[in-house]
Amino acid sequence: MAKSFRDIPPAGLALVLALGAIVVVGALSYVYVYPLFGEKTQLEAKLKGLQAENAANEAFRQKLADYQARIKALRQQLETVRSIVPDEPEMDSFMKMIYADTASTGIHLRTFIPQAEAPQKYYVEMPVKMRLDGTYWTLVNFFDRLAREQRIVSVTSINLGPPAGGGLGAYKVSPDETVGSDCVVTTYYNRPETAAPATPPKKR
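Attention here is on the structure that accompanies the text.

Calculation notes
- Residues numbered from 1 in each chain as written.
- Predicted model: local features only at pLDDT ≥ 70, side-chain atom pairs only at ≥ 80, totals over all residues.
- Heavy atoms only, no water.
- Helix = DSSP H or I, 4+ residues; strand = E, 2+ residues; numbered from the N terminus.
- Expected span 1.5 Å × (residues − 1).
- Buried < 20%, exposed > 50% of the residue type's maximum accessible area, 1.4 Å probe, protein only.
- Arc of directions from axis to C-beta.
- Contact = heavy atoms within 4.5 Å.
- Axes fitted to C-alpha atoms, helices over the stretch in contact; angles between N-to-C directions.
- Left-handed = near helix turned anticlockwise from the far one by under 90°.
- Patch = residues over 30% accessible without salt bridge, like charges linked within 9 Å, V, L, I, M, F, W, Y side chains within 5 Å.
- Areas by Shrake-Rupley, 256 points an atom, 1.4 Å probe, with all protein chains shown as cover.
- Salt bridge = Lys/Arg side-chain N within 4 Å of Asp/Glu carboxyl O.

### Let's talk about helix α2 (residues 91-105)
Part 1 of the reasoning: Here α2 is 15 residues long and its end C-alpha atoms lie 21 Å apart, about the 21 Å a rise of 1.5 Å per residue gives.
Part 2 of the reasoning: Taken residue by residue, α2 has Phe 94, Met 97, Ile 98, Asp 101, Thr 102 and Thr 105 as its buried positions. Buried residues of α2, seen end-on, are gathered within an arc of 125° and therefore sit on one face of the element. Opposite its buried face, α2 presents the exposed residues Asp 92, Lys 96 and Ala 103, each directed more than 90 degrees away.
Part 3 of the reasoning: In this fold, the buried residues of α2 make contact with β1 (108-114), β3 (123-134), α3 (136-147), β4 (153-161) and β5 (179-190).
Part 4 of the reasoning: Directly after α2, the chain includes Gly 106, whose backbone phi takes a positive value near 80°.

### A short note on the environment of Pro 89
Part 1 of the reasoning: Among the structural elements, Pro 89 can be located in the loop between α1 (10-84) and α2.
Part 2 of the reasoning: Owing to a relative accessible area of 26%, Pro 89 belongs among the partly exposed residues under this scheme.
Part 3 of the reasoning: Residues Pro 89 and Asn 190, spaced 101 residues apart in sequence, show a C-alpha to C-alpha distance of 8.3 Å.

### Thoughts on the packing of α2 against α3
Part 1 of the reasoning: It is the contact of α2 with α3, at a shortest axis distance of 9 Å, that shows an interaxial angle of 140°. Here the hand of the crossing between α2 and α3 comes out right-handed. For the pair α2 and α3, contact is made by Met 97, Ile 98, Asp 101, Thr 102, Ser 104 and Thr 105 and by Thr 138, Asn 141, Phe 142, Arg 145 and Leu 146, respectively.

### A few points about a nonpolar patch on the surface
Part 1 of the reasoning: On the surface, a cluster of nonpolar side chains totalling about 540 Å² of accessible area is made up of Tyr 136, Trp 137, Val 140, Ile 158 and Leu 160.
Part 2 of the reasoning: Those elements that provide at least two residues to the nonpolar patch are α3 and β4.
Part 3 of the reasoning: Look at Ile 158 and you get partly exposed, because its relative accessible area is 42%.

Spatial relationships are all this shows, so hold off on functional conclusions.
What follows is the structure in structure tokens.
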């Protein structure tokens, strides 16, 4: 039986050294390398999670741009709708529009009398009684111009007759005026939403 390394044959000594090296390498691997493999696995999992999060963020960023474009388009549509049927009566701007249309078509506006508003389910009617003097074609052009205005306007109760005898106040009828008209011109604005009544607390 060998009592020292010197007594061990070279082949056996080489085997012992090889086994020792394997044991040392295995121990070092267990202590240092295997934890690195575990950390590598965790880092790879975190990387996949971050990549998935980045992909989701990129998709959201693309959707966000689409949403912003939609919001912009809807705001423009809302502004257009508000110009057609405003949220407020805006009687001053309506009067300016009427006076501008009468001036541009050669119509004489003799009377402008706002009537009582007529609330409907979603909007409020603003009728105005008017007396107009001019010629047949100037009246036609005036009504056509009203129909082309951005704000919605309707004309009802049209009565035609001679230019004299209508309207309020003193004025002179010029020789080129051949037709007078009494009518009701109505415009609209959105009916304001009323707050729902509070529900009374139940008695216990």
